Amino acid sequence: MRRHGKWLLNKRTLANLFVVVVGILVYLALSNFGEVSARVATFVNIINPFIIGFAIAYLLNRPVNFFERKLFSKYRMKRGLSIFVVYMLAFLLLCALLGLVLPQVGQSLVALANNISIYLENFTGYIHALAEKLHLSPETTKPFLISYTDLVNRLTELVTQGLPQLLNMSVRIGSGVVNALTALISSIYMLTSKDTLVRQFRKLVYAFSPRPKATRFLSICAHANEVFSGFIVGKILDSAIIGVICFVGMNLLRLPYAMLISVIIGVTNIIPFFGPFIGAIPSIMILMIVDPWGAVWFGIFVLLLQQFDGNILGPKILGDSTGLSAIWVLVAIIVGGGLFGFPGMVLGVPSFAVLYALGSEFVAARLREKGIDPEGNPVPPAPIVEEPPHEMEP
């Protein structure tokens, strides 16, 4: 719009200009994708300690709130006392778990490495005996056989390929220690001043957005926080219980390497839907070499454990924290894992749950505007309720 030789920028013109600028930036980013991704990776690597610190603070926020409300509500420094108690409990719990789990996992790995040649010979004999009973040709069983020499050669190749990275291990360890301390300190600061940080964030949102949109955005953030916190905390608890049940079950079945395999099952169970199967594959391969029939029993046990987790334990702990059907959970895991790896597989489900809720609200609003239901049928307008006349006071 032009008046008296001057351009008047209205909202629509600014919106169109913004779209053009964003389109140009996207085109330039896609044209130089390699350089842009390298710069983004460098920036993420720099702020990685603060990302980890935020993750720690986010996980410990609920326990801190619990102690602050229930135990130290009458004290003046209730926030500081709550943070101190929660971090001490988390440190003691971590030390206890590492003290119980790491020695047994280490012993299992050492025993597996020392006896791998015997296990492979027994496994080869079992395959040959099974091939004779089923009258199978040697070419049929060859893909299933591996000798100790072949295994050592493959491991040697892997070590040789990774040797340049091992030479820089000391530098990486030192950098990792510094990053870990930075993440820990930043998480404490975030928990200590979380009210101030939230207030500053709300101030920025209201300062740069119209009030209705800012209020809507903050409500979306609150909903996302509820979904993420409920899902992540519940999934960690669920995975810990599954790991313990797996350890007890393997001891009852007298299967070897119970602690090592239970840790694998518990960690991979954090991944929704595919987790138990991802952990079961390497576990069955380990047991297949050591005890083929034990691997069969373990496969049946893991299948029953997955059914128990998916139908009984998981719904009890997680409830309907995501509100997604099985097909959308599957889509969220595949897309998130393809884009961001293991973190994407874990966080893809709650992220997609938030997007799904927003999409459902948008579709419902559009249907209300058109006056139709999800089937396309017209919806009669809601009846207007008239208020009774007020009686006049004498």
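No experiment lies behind these values; they were computed from the predicted model shown.

Here we come to the overall build of the protein chain. Helix and strand content of the protein chain: 13 helices and 2 strands. Sorting the 394 residues of the protein chain into buried and exposed places 25% on the buried side.

Of all hydrophobic cores here, the largest spans 19 residues; its most connected members are Cys246, Met250, Tyr257, Ile261, Ile265, Leu287 and Phe298. Within the residue set of this core, elements represented by two or more residues are helix H9 (211-252), helix H10 (258-268), helix H11 (275-290) and helix H12 (292-318). Counting residues in hydrophobic clusters, the runner-up holds 14 residues, among them Val329, Ile333, Ala353 and Val354.

This part covers H10. Within H10, 8 of the 11 residues are buried, leaving the element largely enclosed by the surrounding structure. Considered for burial, the residues of H10 that qualify are Ala258, Met259, Leu260, Ile261, Ser262, Ile265, Gly266 and Thr268.

Residues Leu17, Val20, Val21, Ile24, Leu25, Tyr27 and Leu28 make up a contiguous nonpolar surface patch of roughly 690 Å² in combined accessible area. Residue position: leucine 25 is located in helix H1 (residues 11-31).

To continue, consider the packing of aromatic side chains. What the rule picks out here adds up to 3 aromatic pairs. Between the aromatic rings of phenylalanine 201 and phenylalanine 217, the centroid separation amounts to 6.2 Å while the plane-to-plane angle is 45°, which identifies the pairing as tilted. Within this pair, whereas phenylalanine 201 is found in helix H8 (residues 194-208), its partner phenylalanine 217 is found in helix H9, the two being separated by 16 residues in sequence.

Here the focus is the side chain of serine 186. Mapped onto the fold, serine 186 is located in helix H7 (residues 169-192). Apart from the residues lying within four places of it in its own chain, the contact partners of serine 186 are Pro49, Phe50 and Gly53.

All right, on to the packing of H8 against H9 then. Two numbers describe a pair of packed helices, the interaxial angle and the distance between the axes. Contact pair H8 / H9: the axes reach a minimum separation of 8 Å and the direction vectors enclose 145°. Crossing hand, H8 versus H9: right-handed. Along its contact with H8, which presents Phe201, Arg202, Val205 and Tyr206, the element H9 presents Arg211, Ala214, Thr215, Phe217, Leu218 and Cys221. When grouped by side-chain class, the residues that make up the contact of H8 with H9 number 7 nonpolar, 1 polar and 2 charged.

For the structure shown, the criterion picks out 3 salt bridges. With a shortest N-O distance of 2.9 Å, arginine 79 and glutamate 68 are connected by a salt bridge. Here arginine 79, found in helix H3 (residues 78-114), pairs with glutamate 68, found in helix H2 (residues 33-70); they are 11 residues apart in sequence, far enough to count as distant. Since its relative accessible area comes to 16%, arginine 79 is described here as buried. Its salt-bridge partner being lysine 235, residue aspartate 238 comes within 3.8 Å of it at the nearest N-O pair. Pair noted here: aspartate 238 and lysine 235 are both in helix H9, with a separation of 3 residues, about one helical turn.

Quick look at the confidence of the model for the protein chain now. Averaged over every residue, the pLDDT of the protein chain is 75; the share at 70 or more is 70%. When pLDDT is averaged over each element of the protein chain, H8 comes out on top at 88 and strand S2 (residues 6-7) at the bottom at 48.

Moving on to the side chain of aspartate 238. Aspartate 238 sits in the buried class, given a relative accessible area of 0%. Setting aside anything within four residues of it in sequence, one finds aspartate 238 in contact with Asn269, Asp309, Leu313, Gly314 and Ile317.

At arginine 254, a position not held by glycine, the phi torsion is positive, near 60°. Residue classification places arginine 254 among the exposed residues on the basis of a relative accessible area of 77%.

Structurally, the position occupied by proline 256 is in the loop between H9 and H10. What makes proline 256 partly exposed here is its relative accessible area of 24%.

Analysis parameters
- Residues numbered from 1 in each chain as written.
- Predicted model: local features only at pLDDT ≥ 70, side-chain atom pairs only at ≥ 80, totals over all residues.
- Heavy atoms only, no water.
- Helix = DSSP H or I, 4+ residues; strand = E, 2+ residues; numbered from the N terminus.
- Buried < 20%, exposed > 50% of the residue type's maximum accessible area, 1.4 Å probe, protein only.
- Core = buried A, V, L, I, M, F, W, Y, C linked by side-chain atoms within 4.5 Å.
- Patch = residues over 30% accessible without salt bridge, like charges linked within 9 Å, V, L, I, M, F, W, Y side chains within 5 Å.
- Areas by Shrake-Rupley, 256 points an atom, 1.4 Å probe, with all protein chains shown as cover.
- Salt bridge = Lys/Arg side-chain N within 4 Å of Asp/Glu carboxyl O.
- Phe/Tyr/Trp six-rings, centres within 6.5 Å; stacked < 30°, edge-to-face > 60°.
- Contact = heavy atoms within 4.5 Å.
- Axes fitted to C-alpha atoms, helices over the stretch in contact; angles between N-to-C directions.
- Left-handed = near helix turned anticlockwise from the far one by under 90°.
- Nonpolar A, V, L, I, M, F, W, Y, C, P; charged D, E, K, R; others polar.
- pLDDT = per-residue confidence, 0-100.

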